[in-house]
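Take a look at the letters that make up each chain.
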Amino acid sequence: ILADGAAAKAGIDRFDILLSIDGQATDDILELSKILMTKQAGQTVSVSYWSRGTTKTVKVKLDEIRGD
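Residues numbered from 1 in each chain as written. Predicted model: local features only at pLDDT ≥ 70, side-chain atom pairs only at ≥ 80, totals over all residues. Heavy atoms only, no water.

**Comments concerning the sheet that holds strand β2 (residues 24-25)**
Next, step 1: The strand order across the open sheet built from four strands is β2-β1-β3-β4, with neighbouring strands paired in antiparallel fashion. At either end of the open sheet lies a strand with only one pairing partner, and these are β2 and β4 (54-61).
Next, step 2: With four bridges connecting them, strand β1 (residues 17-21) and strand β3 (residues 44-51) associate as antiparallel partners. The partner of leucine 18 across the bridge, within β3, is tyrosine 49.
Next, step 3: Helix α2 (residues 29-37) contacts β1 and β2 of the sheet and is inclined by roughly 40° relative to β1. (Pairing = 2+ DSSP bridges. Helix = DSSP H or I, 4+ residues; strand = E, 2+ residues; numbered from the N terminus. Contact = heavy atoms within 4.5 Å. Axes fitted to C-alpha atoms, helices over the stretch in contact; angles between N-to-C directions.)

See the structure below:
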C-alpha cells in the first residue's frame, strides 16, 4: 500500500488483508495482479478487506500504475 495511493486514500492500511475486488477473490498476489490488469485508471472498484478483526468494504478509485 503506497502512502498516497488509491487504497490508502480509501482507508486501507498496509497491514490489512485484501479479500476481493468487485467480488473476485484475491487469494494471492497473482490473482490480485490478474484482476487489476482488467481495470482502468480512474475506474472505481469495490474492495473487501480484513482489518483488525473486521471485514470491511470500500470503494476505491484506481490510480495509474506507478513503478516506484
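Back to the write-up after that little detour.
**What about the side chain of threonine 26?**
Next, step 1: When you line up the elements, threonine 26 lands in the loop between β2 and α2.
Next, step 2: Exposure remark for threonine 26: the relative accessible area of 9% places this residue in the buried category.
Next, step 3: Setting aside chain neighbours within four positions, we find threonine 26 in contact with Leu18, Leu19, Ser20, Ile21, Glu31, Leu32 and Ile35. (Buried < 20%, exposed > 50% of the residue type's maximum accessible area, 1.4 Å probe, protein only.)

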